Structure formats: structure tokens, C-alpha cells
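Spelled out, the chains give:
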2 protein chains.
Amino acid sequence: MAQKLARQTVRLEQPPYLAGFGNAVGSKEHQGPLQDWFDGYSEDDRFGQKTWEKAEKVMQEQALSHALKRSGMGAAALDALLAGDLLNQCVASSFAARGQEMPFLGLYGACSTMGEGLLLSSLLLDGGGFRCVAAVTSSHFCTAERQYRTPLTYGSQRTPTAQWTATAAGAVVLAAQAEEGAPRITHVTVGKIVDLGVTDANNMGAAMAPAALDTILAHLRETGRSPGDYDVIVTGDLGVLGRELLLELSKREGVDLSNNHEDCGVLLYDTVAQDVHCGGSGCGCSASVLTGYLLKNMERGEFSRILFCPTGALLSPLTTQQGESIPSICHAVAISTRKEDF
Amino acid sequence: MAQKLARQTVRLEQPPYLAGFGNAVGSKEHQGPLQDWFDGYSEDDRFGQKTWEKAEKVMQEQALSHALKRSGMGAAALDALLAGDLLNQCVASSFAARGQEMPFLGLYGACSTMGEGLLLSSLLLDGGGFRCVAAVTSSHFCTAERQYRTPLTYGSQRTPTAQWTATAAGAVVLAAQAEEGAPRITHVTVGKIVDLGVTDANNMGAAMAPAALDTILAHLRETGRSPGDYDVIVTGDLGVLGRELLLELSKREGVDLSNNHEDCGVLLYDTVAQDVHCGGSGCGCSASVLTGYLLKNMERGEFSRILFCPTGALLSPLTTQQGESIPSICHAVAISTRKEDF
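Predicted model, so just to flag it, every value in this text is computed and none were measured.

Rules used throughout
- Residues numbered from 1 in each chain as written.
- Chains lettered and ligands numbered in written order.
- Predicted model: local features only at pLDDT ≥ 70, side-chain atom pairs only at ≥ 80, totals over all residues.
- Heavy atoms only, no water.
- Helix = DSSP H or I, 4+ residues; strand = E, 2+ residues; numbered from the N terminus.
- Rg over C-alpha atoms; globule rule 2.2 N^0.38 Å.
- Buried < 20%, exposed > 50% of the residue type's maximum accessible area, 1.4 Å probe, protein only.
- Contact = heavy atoms within 4.5 Å.
- Areas by Shrake-Rupley, 256 points an atom, 1.4 Å probe, with all protein chains shown as cover.
- Salt bridge = Lys/Arg side-chain N within 4 Å of Asp/Glu carboxyl O.
- Polar contact = N/O pair within 3.5 Å; in protein donor to acceptor, adjacent residues only side chain to side chain.
- Nonpolar A, V, L, I, M, F, W, Y, C, P; charged D, E, K, R; others polar.
- Least-squares fit on C-alpha atoms with pLDDT ≥ 70 in both.
- Pairing = 2+ DSSP bridges.
- Phe/Tyr/Trp six-rings, centres within 6.5 Å; stacked < 30°, edge-to-face > 60°.

K.L.:
Would you mind going over the overall build of chain A with me for this structure?
P.N.:
Along its length, chain A carries 10 helices and 16 strands. Here the C-alpha radius of gyration of chain A, 18 Å, is about what a compact globule of 342 residues would show, namely 20 Å. Overall, chain A is about 55 × 50 × 35 Å in size when its C-alpha atoms are taken along their principal axes. Counting the 342 residues in chain A, one finds 67% classified as buried. Within chain A, counting contacts between residues at least 6 apart in sequence, those at least 24 apart form 77% of the total. Carbon and sulfur atoms provide 46% of the accessible area of chain A, an area that totals close to 11000 Å².

K.L.:
Sorry if this is basic, but what is going on with the interface of chain B and chain A here?
P.N.:
By a widely used convention, the size of an interface equals the accessible area lost when the partners come together. Taken together, the contacts link 63 residues of chain B with 63 residues of chain A. Between the two partners, chain B and chain A, sit 8 salt bridges. A:Glu324 serves as the salt-bridge partner of B:Lys54, at 2.8 Å between the closest nitrogen and oxygen. The tally of links from chain B across to chain A stands at 33 residue pairs in polar contact (both at pLDDT 80 or more). Breaking the side of chain B that touches chain A down by element, the ones donating at least two residues are α2 (52-71), α3 (91-97), β5 (104-106), α4 (113-126), α5 (141-148) and α10 (317-321) of chain B. Ranked by the residues each element gives to the side of chain B that touches chain A, the list is headed by α4(B), at 6 residues. For the side of chain B that touches chain A, the residue count by class is 33 nonpolar, 16 polar and 14 charged.

K.L.:
Can you walk me through helix α5 (residues 141-148) of chain A in this structure?
P.N.:
Each full turn of the α-helix corresponds to 3.6 residues, which orients residues three or four apart in the same direction. In terms of residue burial, α5(A) counts as a mostly covered element, since 7 of its 8 residues are buried. Looking at the buried positions of α5(A), the neighbouring elements they touch are α2 (52-71), β6 (132-139), β7 (164-165) and α10 (317-321) of chain A.

K.L.:
Explain the relation of the copies chain B and chain A to me, please; I cannot follow it from the model alone.
P.N.:
Here the two chain copies are tied together by a rotation about an axis and a shift along that axis. Screw-axis analysis of chain B against chain A gives a translation of 0.0 Å along the axis, an RMSD of 0.0 Å, and a rotation angle of 180°. Here the transformation between the copies is reduced to the relation of a two-fold axis.

K.L.:
Help me out: how do you make sense of the side chain of A:Ser325 in this one?
P.N.:
Tracing the sequence through the fold places A:Ser325 in the loop between α10 and β15 (328-330). Overall, A:Ser325 belongs to the buried group, its relative accessible area being 13%. Polar side-chain contacts of A:Ser325 include one of 3.2 Å to the side chain of B:Arg98. Discounting chain neighbours no more than four positions away, the residues touching A:Ser325 are A:Asp195, A:Gly197, A:Val198, A:Thr199, B:Phe95 and B:Arg98.

K.L.:
I keep staring at the pairing of strand β6 (residues 132-139) of chain B and nothing clicks. Help me out?
P.N.:
The two faces of a sheet get side chains in turn, since along a regular strand they alternate between them. Residue and element names in this part refer to chain B. Judged by how many residues are buried, β6 sits mostly within the fold: 8 of 8 residues are covered. The two faces of β6 match: Cys132, Ala134, Val136 and Ser138 on one face and Val133, Ala135, Thr137 and Ser139 on the other face are all buried. The sheet contact formed by β6 and strand β8 (residues 168-175) spans 8 bridges and is antiparallel. Bridge assignment links Ala134 to a residue of β8, and that residue is Val173.

K.L.:
Hey, could you run me through the packing of aromatic side chains in this one?
P.N.:
A complete count under the given rule lists 6 aromatic pairs over all chains for this structure. Judged by centre distance (6.1 Å) and plane angle (75°), the ring pair of A:Tyr293 and A:Phe303 falls under edge-to-face. With A:Tyr293 in helix α9 (residues 283-299) and A:Phe303 in the loop between α9 and β13 (305-309), this pair connects stretches of sequence that are 10 residues apart. With 3.8 Å between their ring centres and 0° between their planes, B:Phe141 and B:Trp164 make a pair best called stacked.

Here it is as C-alpha cells:
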């Protein structure tokens, strides 16, 4: 039985294995500093499709296909597919799952979706009713710009605090049983919605940093761990500015994250040379960095215990038009290859 | 430990209790045949707010408040809130949860959301890591019309196969322990995405009926039950036409649902007198019928074992514009007060 440590954190009795993981990315992501860590990419971001939305769907399918391949399992082994994305009504996920004949559970956690997917998947596996589950998510720069901001062809000017929605998808296959040595999820911390009143939809790092802080502090408090217990604490997509805010806010709370904090939005691009302003964002940002750089470095033994904390801004264009501030969330997932943790 | 019966169905080892449930509806729903079963309503569908979207958010808050009150628990007892809705980026749910200080997990299952919420909640409770969880969802006629079709003020003509998005929210508080006699969830069946190629976004009953059939057949097959084992098998929002299709399709499969099948979309309105064409739809339709008519009749002993099967059409306006057909899903949740089931 899973064990509730306090309000938000659950320790998994039978830590589920990350049996396989995969990703697919766009051209800009493939030109960035993490290029060697991805499983596939599209030169023109279209993945052979007529529309950006169909391209995003195909990117999800490719990411799942890579993850299944690495796990050595077929699609028929999956007891459930948990997926979500940024598109209205999460259509990249539903359409990618269509025709795959898998029990399907749709999620909406904005850019925190991979965290929510991993967290729910591992709880389902630990509960005993499921043996093998996949968590998938994606984002696409062109679908996100059209939907949240303006169609690309308008050529709108971006503000300095803006982030660049990653064209990327990531998938993880989780299993109750897998090869020894595969990374395992030991703890999950479910985030609360935090909203300190930021209303600038072009400054999502600032809106999300307090949510990241809230969840990381809850995780450390409830597990009795300190930041140094992790090789790296990696947030989803705070970007350059949001990351600075998180470090500043955590210092005020007496917690020093400066030694081992990374942010997927900062890692994914060369923020200056690639002109992405504050860095990457989107569900696919943390999902592709996790399933590329982070988990592959765990396989190599570079990291043996990480805290993956993707962040999401739960706004819509309409809530911004109606003058609302930006509710944000962050879920934390502790992943380990250390035997002492199981 | 929960027990997987086959691909899609899980039997819960410690069937979670529906400790409390509540709802809030709009004026049209309150004028319908189920008017005596609701906990609250708004005369002008605005719930005291300036915009329809803010009204939908308040309706969710009220439904949860009624559910918590009936459960005798406070908000602080909730280990997690699972919520979703039809609005782009599920903002009714995120904004209703904001400020409630609860661990939050966002779902997207279109009109099947209450099914997805109940099934995930019961699996989390059965897994041992959670003690008390709430599942909430909503829809609002005016927010849905603006988003999916045209703003109300355009006065668009509705097609004969159209359904009326319910202005309604429903909430269920589930707990690992509760008063004896409270209904309990014994089995959950996770739906697959089914798409037989229907492209008419004004005929969602036809698109969703095959998904309902697929899940109901999987549930009966995997549990070894027959339709007569349930007092009522109730789908979410197939409407008049979709319900006819389901009965016809199931007959062809050798399963007779005609004796004890009901549809929330048909139950919610007087479809002729209230001029709603094929009946109700929207996440709030099945959620309010469940938390009103169905669960209150279980309390009274009218029903002792029901199969709740909300259906969702996972389209968006953009997928329709891009010529796509409508992927649909249905989740099934078996709810019982029969001691032999636990």
C-alpha cells in the first residue's frame, strides 16, 4: 500500500519502474544544446502533416513509439495511456490515442502535465490494479502561438519576459516490473494551485515560480529531505527569470536551491543565440528534457536521484481577457536508481 | 490491492465510499423533470457573476460545498481535488480550485469527466495513499455555445440532432471510510477511444454511442455480469438519438439494454416541452443527474446497484474545421449499496 506522508506527498510502496521513455522534437529544439539526447526530430516541424495540430499529434505518436520500443513492450501491454497537452480540448492527445486501442485517461495540467501523468501513473501501478501505463504529453510552437497569442504570420513582437513554446513530445512507459537498474519513482507530491496575482500572460515564469516553491517546500518538509539529497532538482519551464525568482524566494524561506537547481526551460535552448528570450515552455519542454537529458543521464549513472518538478500556468486567453491573474501549479516526482530508496 | 479483471476493468479491494455529493444547476435545468433533486440553482444562470465563465466557476464551488457539507467533512480533509470541464484549458476547474488550498489534479475527459474523476479517485483511495478525494465537473450552456458554436447573441438556428449543454455542476466526495450504508464504488472500467467516422459536430450522440457500447460490453465481459445485474445502466449524454443507436447496436451484439437503460441527457429535460431537441449534454449533465436523481435514489433504496457510464466527445472546433471525425470515450463506474458486493 502506498503511504501518505502528509497532506501532499505519497511514498510508493512498490516504486514503479520507468521501463521506457522516448521523445520527438522540432527543428529549433534539435539545434539546441540538448540535440544529442533526442530520439527523433522534424526538419520543418510538420512531421509530414498538413496542419500544425496534426503534426503535434504525430509527434506524440512518435514519442510513445520510441518509449515502447525502449521498454521492449508492445502497445497491447499498456493498461492505460494518460495524456494531455495545451491545445483546446487536449486534441493532440485524444487524436494521437485514437486508433491505438488503449484505455485512455485525459489530463489537463498545462506544462505540468508530464508531472501529473507520472504521478497518477505511479499511483495506479502501486495500487495493484495496473501493470503497465504510459504518460505522454506534447506542445508545438506553432499551435500554441496561434491559440494563445497570434498566428505566426502576423509576425508579432515578443516581450523580453516571453518564453518559447517547445515543439516537443515526451512519453514514459511505467511498469510494476522491469529490468533491475531502471529508474523508479519513489515519492510523488501533488501540487496545490498557487496564484500570487501575476496578470501578465507574457511573464509566466513569474506566475509559476511561487507554485514551484510551494511544492518543493512541501516535498522537502513531508519527506524530511533537504535539497542536497537530490543530485538535481529540476523545474519544468520557469525560464531564466522564473528560475531567478525561485532561487530568491527559496532563499527567503531558508532553503538554498542554488547548488543543484536546473530548469528545463533554460536547459532546452541556448537562450541568447537561439533568441528565445527567457527560455522554453510548453508541456513538451519538461517532457523532452526528462525523457532525453535527464533519464539518459540516470541510465549512465551521472544522476542517481532527481526531483522532477514540472510547472503549469492554468490560464486561458479568455481568462486573461477577463482580467484574471494566473493560477499556477507544480507537481514533484522523485526518481531514483539508488537501491537504498526501494 | 485492487484487482485487474482484464484489460479495462479493475475491481476495488476496499470499495471507496461516496461520502458526500452535491450539485448546482441553471434555471432551465431547475425547470425540468429533475427539479426536486438539485441542491441549488441560479435564476439567471449567472450565479451573481459578471461573465458566464466566472458563473461556471462559482457553480463548481457551490457543488463542492454542497458535497462537503453532506459528507460532514471540511475542505481541509481532502487529499486531492480532481476536476475538469469543457472550457479551453479547463479554466472553470482551475479557477474554482484556486484559493481552496487543496492538492489539485486537472482532468480532461469532455462530458465523461465525472466518470474519469470517480474512477481515478477510487483507484487513488484503494491504493492506500489517499483517504479522502473529491471529483468535480461542470458545464454551462452560455460558455459552451460561445466556445464551441457561436455567441448566444447571434441567435443561431440549432439542428434537430443538436443537444443542449447543461448549465450544471456536480461534485462527489469519496472516502476510504464513511458511514455504513453510503454507496460504494466496486468496479471501474477505463474506456478506449472509439471513432467510427462521424464528422457532424451537431450529432454527438451518434459519435458517442459506439464508445458507450464498447465500454459497457467490456465491463459486462470482464466482470461476468449481465445488464440485468444492474438496477439501471445509465449513460452520460447520448441524448434521444444516441440512446436509440446504443440500444440498436447492443441488440446486434446480443445484449439487451432496453429494460434498464437510461441516459442522463434524456432524463435531465423534458426534451419536447423544453425545446432541447435531442436532450442534454455537457460534463454537468451526467454529473448533476448522478449527484441528484441517481445517488439520492440510492440513498432511498430505489436503486441498489447502478452502472454509471458518462460519455465524452473529444473534439474541438478546430478539429472539426480541419475535417476530422469525432473520437469518443466512455468510462464505466459500478456503484452499489448491496453488502454482498463488498
